[in-house]
Amino acid sequence: MLNIRIEKTTCPKAKPTDETALGFGKIFTDHMAIIDWNMEKGWYDARIVPFENFSMHPAATCLHYGSEIFEGLKAYRRADGGIQLFRPDCNARRMMESAERLCLPELPEEDFMQILKAFVEVEAEWTPHSPGTSLYLRPFMYGNDDTLGVHAVHNARFAIIASPVGSYYKEGINPVGIMIEDQDVRAVRGGTGYAKCGGNYAASNRAGERAAQKGYSQVLWLDGVHRKYIEEVGAMNVMFKINGEIVTPELSGSILPGVTRRSCIEVLKSKGYNVSERLLSIDELAEALENGTLEEAWGCGTAAVVSPIGKLAYKDKEYIVSGGKIGEVTQMLYDTLTGIQWSKIEDTFGWIVPVC
Ligand code: PLP
Ligand code: COI
């Protein structure tokens, strides 16, 4: 059990008054949680302290060799004023898996949960009240050695910051346009694709910028070996309804095992849908787009929840999906997940963890 020191700010910031204009990750709360780690001492000095800049050695490992991992989850305000989390245990475990891959120290699940809950309680007032808003929580960890040798880190820091957020896309739950990337690759099996590490996102930016210039919200990645199989979107996993079958790329080691992906699969199966986690080639997808058997496509992730895909571009062709509208299954998943997250419908899965 951690012994968490809490030091409250003496100059709290003004909270946002217009919750319809929060956007994503632009405003930060008054505090941050920190635990430091050293090879000899293990985890030490767990604390929740006023939000401020970090100071770090210019040789810090994370700045040179990308020793950095992160998580993303949300705290939701219930109608009774209380606050709750959605499957935080999944984030705790995924963070340990990311740490193992990047040779960063593993923070035990119970310590992750303890400091996360304590932090959310301290920042309770920052959890917004308006429909569709939440407090986005960003746990992260970085290597903090002050030498230039390349090796597993000897010093690291785990921290959590928080940001009150609205919808991730400016389109909200409206359909987004996605560009299928055929030049850059994001990850390969054996690499870091399944870990949530900053380097994966840095490698994605060039294609993301190209997509943005063409007016698309994100990139849909193909596998790095054959450049043939669908993988995932920039910040979401992806699902399709093809001829009645729900298809999502299998967890091959190069895509992120999303908490929302897993939750969508469990909801779909509980409602009797036929869900296949399998290889899906771009040829099969293009054929389904051409012959009209692609009924729906959506992305799923914590930030965007469930995001309908209305347009898919591949090479020089642009396809309209679901007539550019929100499909029935997409809407059902959005309503079910957000219903559980905000306690508007009963959580029959046992996913909600109340904080206060
Ligand atoms: N894939 C990538 C690359 C992501 O960044 C995210 C977002 O976290 C996801 C998938 C979806 O994961 P989750 O549902 O756990 O948020
Ligand atoms: C999330 O959905 O939580 C993410 O981390 C996506 C992010 C890269 C904005």
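Remember, it's a predicted structure, so these values are computed and weren't measured experimentally.

Asks: Mind showing me how you'd approach the pattern of salt bridges here?
Replies: Should their charged atoms come close, side chains of opposite charge can pair. All chains considered together, the criterion is met by 22 salt bridges. A salt bridge links Arg87 to Glu266, with the nearest nitrogen and oxygen atoms 3.6 Å apart. Here Arg87, found in the loop between strand S6 (83-86) and helix H2 (88-102), pairs with Glu266, found in helix H5 (residues 259-270); they are 179 residues apart in sequence, far enough to count as distant. Judged by relative accessible area, Arg87 falls into the buried class, the value being 5%. For Glu266, a relative accessible area of 28% puts it in the partly exposed group. A salt bridge links Arg210 to Glu181, with the nearest nitrogen and oxygen atoms 2.6 Å apart. Taken together, the positions of Arg210 in helix H4 (residues 198-213) and Glu181 in the loop between strand S9 (176-180) and H4 put the pair 29 residues apart, joining distant regions of the chain. Its relative accessible area of 22% is what places Arg210 among the partly exposed residues.

Asks: What exactly am I supposed to notice about the packing of H5 against helix H7 (residues 328-341) here?
Replies: Look at H5 against H7: their axes get within 11 Å of each other, and the N-to-C directions meet at 105 degrees. As summarised for this structure, H5 and H7 are arranged roughly perpendicular, according to the angle between their axes. Note on element contacts: H7 touches H5 through Val329, Met332, Leu333, Thr336 and Leu337, opposite Thr260, Ser263, Cys264, Val267 and Leu268. Class assignment for the residues of the contact of H5 with H7 results in 7 nonpolar, 3 polar and no charged.

Asks: Whenever I open this one, the packing of aromatic side chains confuses me. Can you help?
Replies: Two descriptors summarise a pair of aromatic rings, namely the distance from one centre to the other and the angle between the planes of the rings. Scanning the entire structure with this criterion turns up 11 aromatic pairs. Ring plane angle 80 degrees and centroid distance 5.6 Å describe the contact between Phe86 and Trp351, whose orientation is recorded as edge-to-face. Placement of the pair is Phe86 in strand S6 and Trp351 in the loop between H7 and strand S18 (352-354), with a sequence separation of 265 residues. The burial state of Phe86 is the same as that of Trp351; both residues are buried. A connected cluster of aromatic rings, assembled from ring pairs, spans Phe54, Phe140 and Tyr142. Positioned above the aromatic ring of Phe51 is the side chain of Lys13, whose terminal nitrogen or guanidinium carbon lies 5.0 Å from the ring centre. In this structure, Lys41 is placed above the aromatic ring of Tyr44, and the distance from its NZ or CZ to the ring centre is 3.9 Å.

Thresholds applied
- Residues numbered from 1 in each chain as written.
- Chains lettered and ligands numbered in written order.
- Predicted model: local features only at pLDDT ≥ 70, side-chain atom pairs only at ≥ 80, totals over all residues.
- Heavy atoms only, no water.
- Salt bridge = Lys/Arg side-chain N within 4 Å of Asp/Glu carboxyl O.
- Helix = DSSP H or I, 4+ residues; strand = E, 2+ residues; numbered from the N terminus.
- Buried < 20%, exposed > 50% of the residue type's maximum accessible area, 1.4 Å probe, protein only.
- Axes fitted to C-alpha atoms, helices over the stretch in contact; angles between N-to-C directions.
- Parallel < 35°, antiparallel > 145°, perpendicular 65-115°, else oblique.
- Contact = heavy atoms within 4.5 Å.
- Nonpolar A, V, L, I, M, F, W, Y, C, P; charged D, E, K, R; others polar.
- Phe/Tyr/Trp six-rings, centres within 6.5 Å; stacked < 30°, edge-to-face > 60°.
- Lys NZ or Arg CZ within 6 Å of the ring centre and 35° of its normal.

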